[in-house]
Amino acid sequence: MPDEVLPLRELELLDEDARRQLRDRRAFWWRTGASTRSKTCDADGTPLLWALTEEPHRAVWMPLDATPVPDGSVGIYRDGGARIAQVNPPSDLPGGRWQPHFATCTDPDRYRRPRT
Ligand SMILES: [Zn+2]
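Visitor: Just give me the short version of helix 1 (residues 8-33), but keep the residues and values in it.
Guide: Note on helix geometry: an α-helix contains 3.6 residues per turn, so any two residues three or four positions apart are oriented the same way. In a regular helix each residue adds 1.5 Å, so 26 residues correspond to 38 Å; helix 1 covers 37 Å between its end C-alpha atoms and thus fits that length. All of the buried residues along helix 1 are Leu22, Arg26, Ala27, Trp29, Trp30 and Gly33. Elements in contact with the buried residues of helix 1: strand 1 (48-52), strand 2 (61-65), strand 3 (74-79) and strand 4 (82-87).

Structure follows, in structure tokens:
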């Protein structure tokens, strides 16, 4: 029914609202969770860089090797102050590239599944 279709402007506002809510959730997750992540891997001592995955409905933390590598599969952007990991990012995503730590860990099973 054409008259049930929202006008474009209202769709854009809904979209903006959803984006703002996601940004607020990420800001909260980051504020409450980032400082409790270990700075190094318990198994091998590798310095870690933590990021949230792009999962929008719950906080899923991904450990990355802190040192960026040219062929890393993860790019990072900021949203709500949080560091967000984008797996296989488009080439125009600025910044470095990182490797998930489970790819290099001596005890990868501990990181295989992203944890909340
Ligand atoms: Zn490790």
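Following the structure, the description resumes.
Visitor: Mind laying out the coordination of the zinc ion, listing which residues take part and the relevant values?
Guide: Distances from the zinc ion to its protein donors, Cys41 (SG), Asp44 (OD), His101 (NE2) and Cys105 (SG), fall within 2.0 to 2.2 Å. Along the chain, the residues donating to the zinc ion fall in the pattern C-x2-D-x56-H-x3-C. Residue cysteine 41 is found in the loop between helix 1 and strand 1, and its partner histidine 101 is found in the loop between strand 4 and helix 2 (109-112); the two are separated by 60 residues along the sequence.

Visitor: Give me the pairing of strand 4: which residues, what numbers.
Guide: Most of strand 4 is tucked away, with five of its six residues classed as buried. The pairing of strand 3 with strand 4 spans six bridges and is classified as antiparallel. Within strand 4, the position partnered with isoleucine 76 by the bridge is alanine 85. Between the antiparallel neighbours strand 3 and strand 4 lie two residues, among them glycine 80 with a positive phi of about 60°.

Visitor: Could you give me a rundown of the packing of aromatic side chains, with the residues and numbers involved?
Guide: Per the stated rule, a full pass over the model turns up one aromatic pair. Residue placement shows arginine 37 over the ring face of tryptophan 50; its charged tip is 5.7 Å from the ring centre.

Visitor: Would you mind going over the pattern of salt bridges in detail, with residue names and values included?
Guide: Oppositely charged side chains can pair when the atoms bearing their charge come close. According to the stated counting rule, one finds six salt bridges in the structure shown. The salt bridge involving glutamate 12 is made with arginine 9; its shortest N-O contact spans 3.5 Å. Linking glutamate 12 with arginine 9, this pair stays in helix 1, spanning three residues, or about one helical turn. Looking at glutamate 12, the relative accessible area reads 37%, which means it is partly exposed. In this structure, aspartate 79 and arginine 26 form a salt bridge, with 2.8 Å as the shortest nitrogen-oxygen distance. Of the two residues, aspartate 79 is situated in strand 3 and arginine 26 in helix 1; the sequence distance between them amounts to 53 residues.

Visitor: Now, about unusual backbone geometry: what can you tell me, with residues and values included?
Guide: With a phi angle near 50°, asparagine 88 is a residue other than glycine that sits in the positive phi range. Tracing the backbone shows asparagine 88 in the loop between strand 4 and helix 2. Given a relative accessible area of 61%, asparagine 88 falls into the exposed group.

Scoring rules and cut-offs
- Residues numbered from 1 in each chain as written.
- Predicted model: local features only at pLDDT ≥ 70, side-chain atom pairs only at ≥ 80, totals over all residues.
- Heavy atoms only, no water.
- Helix = DSSP H or I, 4+ residues; strand = E, 2+ residues; numbered from the N terminus.
- Expected span 1.5 Å × (residues − 1).
- Buried < 20%, exposed > 50% of the residue type's maximum accessible area, 1.4 Å probe, protein only.
- Contact = heavy atoms within 4.5 Å.
- Donors = N, O, S within 2.8 Å, 3.2 Å for Na, K, Ca; no water.
- Pairing = 2+ DSSP bridges.
- Phe/Tyr/Trp six-rings, centres within 6.5 Å; stacked < 30°, edge-to-face > 60°.
- Lys NZ or Arg CZ within 6 Å of the ring centre and 35° of its normal.
- Salt bridge = Lys/Arg side-chain N within 4 Å of Asp/Glu carboxyl O.

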